[in-house]
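One-letter residues, chain by chain:
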Amino acid sequence: MASGSGAAGEAVSGAQLIAESLKAQNIEYMFGIVGIPVTEIAIAAQAVGIKYVGMRNEQAACYAASAVGYLTSRPLIVIGGSSDRNQETMGAFQEFPQVEAGRLYNKLSVRPSSLEAIPTVIEKAVRTSMYGRPGSCYIDIPGDFVNLQVNKSSVKYVECCLQPPISTAEHSAVSEAVSIIALSKQPLLIVGKGAAYSRAENNIRRLVDLCGLPFLPTPMAKGVVPDNHPNCVAAARSTALQHADVIILLGARLNWILHFGLPPRFRQDVKVIQIDICAEELGNNVRPAAILLGDINAVTKQLLEEFSRRPLKYPSNTEWWKKLREKMMKNEERSKALALQKSLPMNYYTVFHHIRELIPKDCILVSEGANTMDIGRTMLPNYYPRQRLDAGTFGTMGVGLGFAIAAAMVAKDQTPGKRVICIEGDSAFGFSGMEVETVCRYNLPILIIVVNNNGIYTGLDADAWKETLKFGDPATCIPPVSLLPNSHYEEIMSAFGGKGYCVKTPEELQNALKASMTDKQTPSLINVMIDPQSERKKQEFPWLTRSNL
């Protein structure tokens, strides 16, 4: 910690201190909505070179910042303004116990005790957010701190925190895990979001190729190993989970996305090898056969070293592989048959078939919705890591446009020309649709595709809507899952200067996609009208299996 070296009498405001401290910690992007008392913080951030993106909704701003954290390994720091200190307990403007409330949801929730302490507090928040399991931190700024000034010489400026230390698993645990894998008859490697976050793709691809293991990516881990890799068994997901005798979890949690690791979606006697950076995660829901605590990339390297001493190549002609391939072929044929249907309105599979054919293989895909997101995961492959962003663990709707804006900002700086394609259900789009104005204001060439079925899960067509209204007030007769039929969401994009397309046929969809892909400068939105009753193909299990505890 170094003392400030400013000239005697030189003053600095709280807003300037916050901005300078964030810049010192290599913070590059800020997303938010300005207002009393934080407007000056955004202005000061721009003055020191931080890119400020003004959003239309605070939730979307937080989603955007969290996506930048995932893409750049710099997790979310939330800065909020609270009431002036001398007005506390008086019923001040927006008075609320923010620090206490923030402790429920953040790794650190803190308020600087003085202006002089701001650099130290910000360094600790950034460091805490990155060390161990990544997570958000909240910093509360009293309103009177923003414009209050202090002599620069009294400030304790802090250098950028060190990169997170890399932890490795105990050698005995690595050896035990390799022994269990070597004895398995029906192994399955599950690649989780943690593997993508730790930049473990090169070592994981080497592990898959070296050992010949079938693998299954979780949604945000798609592309860590390309979806078109011959060992990817995503098209036989249920079969792979239900019958594997040994499962290796690489940064994946046994939460609801993986059905808690419990029957009937998993074998009662399945052996789980759990690899995670968070000790508290080990053993959740299922008692592991082996636990490897450490950074996913580092532990994968340890496994590779152990396999180099004890070579293992799982045969590609086993009954297990035969079973998986048969199921994959059957499911792919069913999806293909649905995709090639000529009936109108189109179904989800037809829409995704044409999208897949015309979008770049290296684009960043953002997706949210119910059927839109779920079917999109299976129909739209990912070939590169950290290029799929969706609702993830919490299943939160409204993340799409915030994620897309963040991805476009990062792509513009790191990989110019990379396209961002945001595919939304019409219901999901409604959560943050006004961010279209943000997209146009910053001229981000995002392609938004709204898959419009007039509802949540399913909707009504225009004729059915009119018939239903004959029964009385819409509030008592319109199904809760129904939205207004044939809404022209593309006109929202046109209203702000982007290009909007309304399409109803495969030919119209193809033309709109080609036009959007050709124009690399203008934001666009394609409103795709589909059959309101279109759904996923029949599933072996309900969407959220009630596990046998």
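The coordinates are above.
Predicted, not measured: the structure shown is a model, and the values here were computed from it.

Enquirer: Any details on the overall build of the chain? Residues and values, ideally.
Expert: Counting its regular elements, the chain contains 21 helices and 22 strands. Against the compact-globule benchmark of 24 Å for 549 residues, the chain has a radius of gyration of 25 Å, which places it among compact chains. With the C-alpha coordinates of the chain rotated into their principal frame, the extents come out at 80 × 70 × 45 Å. In the chain, which comprises 549 residues, the proportion classed as buried is 55%. Between the centroid of the 56 positive side chains of the chain and the centroid of its 53 negative side chains there is a distance of 7 Å.

Enquirer: Give a detailed account of the nonpolar core, specifying residues and quantitative values.
Expert: Where a protein is soluble and globular, its nonpolar side chains tend to be buried together. Ranked by internal contacts, the top residues of the largest apolar core, which has 100 residues, are Phe 31, Ile 204, Leu 292, Leu 389, Ile 446 and Ile 448. With residues near it in sequence (within four places) discarded, Ile 446 still touches Ala 404, Ile 405, Ala 408, Val 420, Cys 422, Val 439, Pro 523 and Ser 524. Formed by 31 residues, the second largest nonpolar core is a distinct cluster that contains Ile 77, Ala 125, Val 126 and Ile 141.

Enquirer: An account of the pattern of salt bridges is needed here, citing residue identities and associated values.
Expert: In this structure the tally under the stated criterion is 21 salt bridges. A salt bridge links Asp 269 to Arg 267; the shortest N-O distance between them is 3.0 Å. When its relative accessible area of 48% is taken as the criterion, Asp 269 is described as partly exposed. Under the relative-accessibility criterion, Arg 267 is labelled partly exposed at 28%. Among the salt bridges present, the one from Arg 388 reaches Asp 390, with a minimum N-O distance of 3.2 Å. We classify Arg 388 as buried; its relative accessible area is 1%. Salt bridges sharing common partners tie together Asp 374, Arg 377, Arg 388 and Asp 390.

Enquirer: Go over the sheet that holds strand β5 (residues 77-82), please, and point to the residues and values.
Expert: Backbone hydrogen bonds hold the strands of a sheet together, and the pairing may be parallel or antiparallel. Pairing is parallel in the open sheet, where three strands are placed in the order β5-β7-β6. In the strand order of this sheet, the two ends are held by β5 and β6 (108-110), each with one partner. Direction aside, the axes of adjacent strands within the sheet are offset by 15 degrees on average. As paired strands, β6 and strand β7 (residues 137-142) are joined by three bridges and run parallel to one another. If you follow Leu 108 over to β7, its bridge partner there is Cys 137.

Enquirer: Go over the pairing of strand β3 (residues 29-32) with me, naming the residues and quoting the values.
Expert: Here β3 shows two buried faces, one formed by Tyr 29 and Phe 31 and the other by Met 30 and Gly 32. In this structure, β3 lies alongside strand β4 (residues 51-54), joined through four bridges in parallel fashion. Note that in β4 the partner of Phe 31 across the bridge is Val 53. Handedness of the crossover joining β3 and β4 through helix α2 (residues 39-47): right-handed.

Enquirer: Outline the side chain of Gln 25, supporting the account with residue identities and numerical values.
Expert: The residue Gln 25 is located in the loop between α1 (14-24) and β3 in this model. A distance of 3.1 Å separates a polar side-chain atom of Gln 25 from the backbone oxygen of Glu 159. In this structure Gln 25 touches Arg 74, Ile 122, Glu 123, Val 126, Val 158, Glu 159, Cys 160 and Cys 161, once residues within four positions along its chain are discounted.

Enquirer: So what about the sheet that holds strand β14 (residues 290-293)? Which residues, and what values?
Expert: Pairing is parallel across the open sheet formed by five strands, whose spatial order is β11-β10-β12-β13-β14. Because the sheet does not close on itself, it has two edges, and the strands there are β11 (215-217) and β14. Strand-to-strand, the axes of this sheet are offset by a mean angle of 15 degrees, without reference to chain direction. Seen against the sheet, helix α7 (residues 171-183) touches β12 (246-250), β13 (271-276) and β14 and runs at an angle of roughly 135 degrees to β14. The strands touched by helix α11 (residues 296-309) within the sheet are β12, β13 and β14, with β13 carrying the most contacts at an inclination of about 130 degrees.

Enquirer: Tell me what's going on with α1, and back it up with residues and numbers.
Expert: Listing the buried residues of α1 in full gives Gly 14, Ala 15, Leu 17, Ile 18, Ala 19, Ser 21 and Leu 22. Just downstream of α1 lies Asn 26, where phi reads positive at about 65 degrees.

Enquirer: Lay out a nonpolar patch on the surface with the relevant residues and their values.
Expert: Among the surface-exposed residues, Met 434, Ile 492 and Phe 496 lie close enough to one another that they form a single nonpolar patch of about 230 Å² accessible area. Looking at the secondary structure, you find Phe 496 in the loop between α20 (490-495) and β21 (499-503). On the accessibility criterion, Phe 496 (33% relative accessible area) is partly exposed.

Enquirer: An account of the packing of aromatic side chains is requested, with residue identities and associated values reported.
Expert: On inspection of all chains with the given rule, the structure shows three aromatic pairs. Ring geometry for Phe 429 and Tyr 489: centres 5.5 Å apart, planes at 70 degrees, overall edge-to-face. Of the two residues, Phe 429 sits in helix α16 (residues 426-432) while Tyr 489 sits in the loop between α19 (474-477) and α20, which places them 60 residues apart along the sequence. The buried category is assigned to Tyr 489, whose relative accessible area is 14%. Positioned over the ring face of Tyr 70 is Lys 193, at 5.5 Å from the centre of the ring. When the ring centre of Tyr 383 is taken as origin, the NZ or CZ atom of Lys 361, which lies over that ring, is 4.3 Å away.

Enquirer: How would you explain the packing of helix α13 (residues 348-358) against helix α14 (residues 371-379) if you had to name every residue and give the values?
Expert: The axes of two packed helices give the description: the angle between them and the distance between them. At a minimum axis separation of 10 Å, α13 and α14 run at an interaxial angle of 50 degrees. For the element pair α13 / α14, the angle class is oblique. You can see that α13 and α14 cross each other, and the crossing is right-handed. Across the interface between the two elements, Tyr 348, Tyr 349, Phe 352, His 353 and Arg 356 from α13 touch Asn 371, Thr 372, Ile 375, Gly 376 and Met 379 from α14. Looking at the contact of α13 with α14, its residues break down into five nonpolar, four polar and one charged.

Enquirer: Lay out the side chain of Glu 201 in plain terms, naming residues and giving numbers.
Expert: Assignment of secondary structure puts Glu 201 in helix α9 (residues 201-211). Discounting residues that sit within four places of it in the chain, Glu 201 has contacts with Val 224, Pro 385 and Arg 386.

Enquirer: Give me the environment of Val 420: which residues, what numbers.
Expert: Tracing the backbone through its elements, the reader meets Val 420 in strand β17 (residues 420-425). The residues contacting Val 420, other than those within four sequence positions of it, are Ile 364, Val 366, Ala 404, Ala 407, Ala 408, Pro 445, Ile 446 and Leu 447.

Enquirer: How would you summarise the environment of Lys 107 if you had to cite specific residues and measurements?
Expert: Structurally, Lys 107 can be placed in the loop between α4 (98-102) and β6. Residues Lys 107 and Pro 134, spaced 27 residues apart in sequence, show a C-alpha to C-alpha distance of 8.7 Å. Sequence-distant contacts of Lys 107, defined by excluding residues within four places in its chain, comprise Thr 128, Ser 129, Tyr 131, Gly 132, Arg 133, Pro 134, Gly 135, Ser 136 and Cys 137. At 2.8 Å, the side chain of Lys 107 and the backbone oxygen of Thr 128 are in polar contact. Separated by 2.8 Å, the side chain of Lys 107 and the backbone oxygen of Arg 133 make a polar contact.

Rules used in this analysis
- Residues numbered from 1 in each chain as written.
- Predicted model: local features only at pLDDT ≥ 70, side-chain atom pairs only at ≥ 80, totals over all residues.
- Heavy atoms only, no water.
- Helix = DSSP H or I, 4+ residues; strand = E, 2+ residues; numbered from the N terminus.
- Rg over C-alpha atoms; globule rule 2.2 N^0.38 Å.
- Buried < 20%, exposed > 50% of the residue type's maximum accessible area, 1.4 Å probe, protein only.
- Lys, Arg positive; Asp, Glu negative; His and termini not counted.
- Charge placed at Lys NZ, Arg CZ, Asp CG, Glu CD.
- Core = buried A, V, L, I, M, F, W, Y, C linked by side-chain atoms within 4.5 Å.
- Contact = heavy atoms within 4.5 Å.
- Salt bridge = Lys/Arg side-chain N within 4 Å of Asp/Glu carboxyl O.
- Pairing = 2+ DSSP bridges.
- Axes fitted to C-alpha atoms, helices over the stretch in contact; angles between N-to-C directions.
- Right-handed = clockwise from strand over helix to strand, strands pointing away.
- Polar contact = N/O pair within 3.5 Å; in protein donor to acceptor, adjacent residues only side chain to side chain.
- Patch = residues over 30% accessible without salt bridge, like charges linked within 9 Å, V, L, I, M, F, W, Y side chains within 5 Å.
- Areas by Shrake-Rupley, 256 points an atom, 1.4 Å probe, with all protein chains shown as cover.
- Phe/Tyr/Trp six-rings, centres within 6.5 Å; stacked < 30°, edge-to-face > 60°.
- Lys NZ or Arg CZ within 6 Å of the ring centre and 35° of its normal.
- Parallel < 35°, antiparallel > 145°, perpendicular 65-115°, else oblique.
- Left-handed = near helix turned anticlockwise from the far one by under 90°.
- Nonpolar A, V, L, I, M, F, W, Y, C, P; charged D, E, K, R; others polar.

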